[in-house]
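# Observations on the three-dimensional arrangement
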Amino acid sequence: MKMSPPAFARLMGVMLCLGTLSCAFPMPSMAQTDIQALEFPYFTLRNRTGSDDPANFYGGERSDLKAGACRVEELDLGVLAPLADMAPNFLREELLRVQTVEEADPGAILDRLEETAGARGPALYVHGYYISFEKGCRRAALLQQNADLVGRFLWFSWPSDGAPAYYTHDEADLYWSLPDIADTIIELERRFGAGNVDVIGHSLGARGVVLALAEVANRHPDIRLGHVVLLAPDMDFGIFERILPRVRPIAESTTVYATTGDRPLALSAQLHGYPRLGETGNDVYRLAGVEVIDLSDLPSEGPTGHLYHIYSRAVGEDLRRLLHAGERADARQGLVAQGENLWRLRPATNE
């Protein structure tokens with residue numbers, strides 16, 4: 001498949017980094033591992049661009065609801081492939097490319113999800129700010145893998161512009177997308193039943209999840225969802241505290257992941273003038289019924305401190321225990337209680 005210029009530039013950067021690694025470490029005497037492919041369904045409110053390149057199939061403009069399946073594949077690095085296992089996790093993200101995007105009717109996508117999700121039901125994931133469709137596909141694939149959500153994963157891609165200077169523009173597009181996110185949650189619960197739909201949001205997408213859930217609760221107060229997970233939520237802590245009584249009753253559990261050193265959230269706090277829900281140091285004891293997981297003790301897995309949900313295996317394992325086994329924080333291995341609803345996730349001894 002012909003590679004887009006951004007993908008080619010990423011590949012060249014990765015090749016240079018791996019070439020440096022090859023000088024610092026002996027070349028492993030192993031054959032190239034098979035190229036891994038990850039596929040998952042999506043809903044999107046993005047516009048079609050008309051491009052034949054799967055990575056550019058959708059743009060950042062608002063459009064009607066569409067659905068399909070996205071297939072992501074590891075890049076073939078040839079003789080440098082064995083070194084990919086030595087690369088930091090945040091670099092390995094750049095080893096992925098969007099191979100295919102195949103549209104389908106939203107109803108057909110949900111029919112397929114019913115066949116693969118199993119008894120636990122689906123997990124709906126909403127991404128954050130500064131995410132193009134191509135980047136979102138790659139990161140959604142990594143989350144699906146890290147949290148072991150294969151078969152029950154549904155990615156909702158709202159029309160983020162994928163440009164760092166467009167934060168307020170992205171905020172507007174997120175708010176514009178809220179009715180469709182709420183409609184999707186309601187339809188999933190209708191199909192899969194009470195308590196069988198988990199909802200996950202990252203960063204600005206976590207804010208969208210909370211606001212969409214408030215609309216869901218207002219429209220259908222008797223609806224019952226599974227686990228709500230807010231990863232590095234870019235949301236005003238005080239606003240979340242006020243909305244919480246409306247959304248808490250419709251979910252089996254609500255979990256917030258936070259950490260120190262989250263640079264995007266620190267910038268957002270400066271921009272908005274109020275602390276963010278995903279930062280540490282908030283008076284989380286005021287969030288009755290919410291389990292807050294402090295990740296500050298984990299080793300840094302990236303330059304921003306904001307993408308632990310796709311880079312950290314420890315976070316992936318904690319998500320797996322929550323979303324698969326349904327274990328609450330007081331039962332999950334590695335969590336140390338710091339208060340009534342606050343836990344710290346300790347790194348494993350081999351990390």
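That block above? That's the structure.
Quick caveat, the model's predicted, so the values are computed rather than measured.

As a further point, take the pattern of salt bridges. If you walk through the whole model with that rule in mind, you get 30 salt bridges. The salt bridge involving D198 is made with R152; its shortest N-O contact spans 2.7 Å. Here the residue D198 occupies a position in strand β6 (residues 198-202), and R152 occupies one in the loop between α4 (133-146) and β5 (153-157), the gap between them amounting to 46 residues. We note that D198, like R152, is buried. A salt bridge links R321 to E317; its shortest N-O distance comes to 3.1 Å. With R321 and E317 both in helix α10 (residues 313-323) and four residues apart, this pair spans about one turn of that helix. Take E317: its relative accessible area is 30%, and that puts it in the partly exposed class.

Another aspect to go through is the environment of G281. Take G281: it is sitting in the loop between α8 (263-272) and β9 (290-294). Sequence separation of G281 and T260 is 21 residues, and the distance between their C-alpha atoms is 8.5 Å.

Turning our eyes to something else, we now look at empty space enclosed by the protein. All chains considered together, the criterion is met by one cavity of 30 Å³ or more. Space inside the largest cavity adds up to approximately 50 Å³. Lining the largest cavity we find V210, L213, V228, L230, F240, V247, I250, A251 and T254. Taken together, the elements giving at least two residues each to the lining of the largest cavity come down to α6 (204-219), β7 (225-231), α7 (237-247) and β8 (251-258). Its residues placed into classes, the lining of the largest cavity shows eight nonpolar, one polar and no charged.

Moving on, we come to the pairing of strand β1 (residues 37-48). In terms of burial, β1 is largely enclosed, as nine of its twelve residues are buried. Both β1 and strand β2 (residues 58-74) contribute to a ladder of ten bridges, which runs antiparallel. Bridging from a neighbouring strand, F40 pairs with C70 of β2. When β1 meets β5, the two strands line up parallel, connected through three bridges. Bridging across to β5, T44 finds its partner in S157.

With mixed pairing, eleven strands are arranged side by side in an open sheet as β3-β2-β1-β5-β4-β6-β7-β8-β9-β11-β10. Of all the strands in the sheet, the pair left with one neighbour each is β3 (96-104) and β10 (335-337). Going across the sheet, the axis of each strand differs from the next one's by a mean of 25°, ignoring polarity. Relative to β9, β8 is paired through five bridges, and the arrangement is parallel.

Quick look at helix α3 (residues 106-116) now. For α3, every residue scored as buried is listed here: I109, L110 and L113. Buried residues of α3 fall within an arc of 95° about the axis and therefore sit on the same side. Of the surrounding elements, those touching the buried residues of α3 are β1, β2, β3, β5 and α5 (167-192). One side-chain oxygen of the residue at the start of α3 lies 2.8 Å from the amide nitrogen of G107, identifying that residue as D105. Where α3 terminates, the next one or two residues include G118, which has phi positive at roughly 75°.

Cut-offs and rules
- Residues numbered from 1 in each chain as written.
- Predicted model: local features only at pLDDT ≥ 70, side-chain atom pairs only at ≥ 80, totals over all residues.
- Heavy atoms only, no water.
- Salt bridge = Lys/Arg side-chain N within 4 Å of Asp/Glu carboxyl O.
- Helix = DSSP H or I, 4+ residues; strand = E, 2+ residues; numbered from the N terminus.
- Buried < 20%, exposed > 50% of the residue type's maximum accessible area, 1.4 Å probe, protein only.
- 1 Å grid on protein atoms, 1.4 Å probe; cavity = no way out; pocket = protein on both sides within 12 Å on 5 of 7 lines; lining within 4 Å.
- Points joined across faces, edges and corners; volume = space filled by probe spheres on them.
- Nonpolar A, V, L, I, M, F, W, Y, C, P; charged D, E, K, R; others polar.
- Pairing = 2+ DSSP bridges.
- Axes fitted to C-alpha atoms, helices over the stretch in contact; angles between N-to-C directions.
- Arc of directions from axis to C-beta.
- Contact = heavy atoms within 4.5 Å.
- Polar contact = N/O pair within 3.5 Å; in protein donor to acceptor, adjacent residues only side chain to side chain.

It is worth stressing that arrangement in space is one thing and function is another; only the former is reported here.
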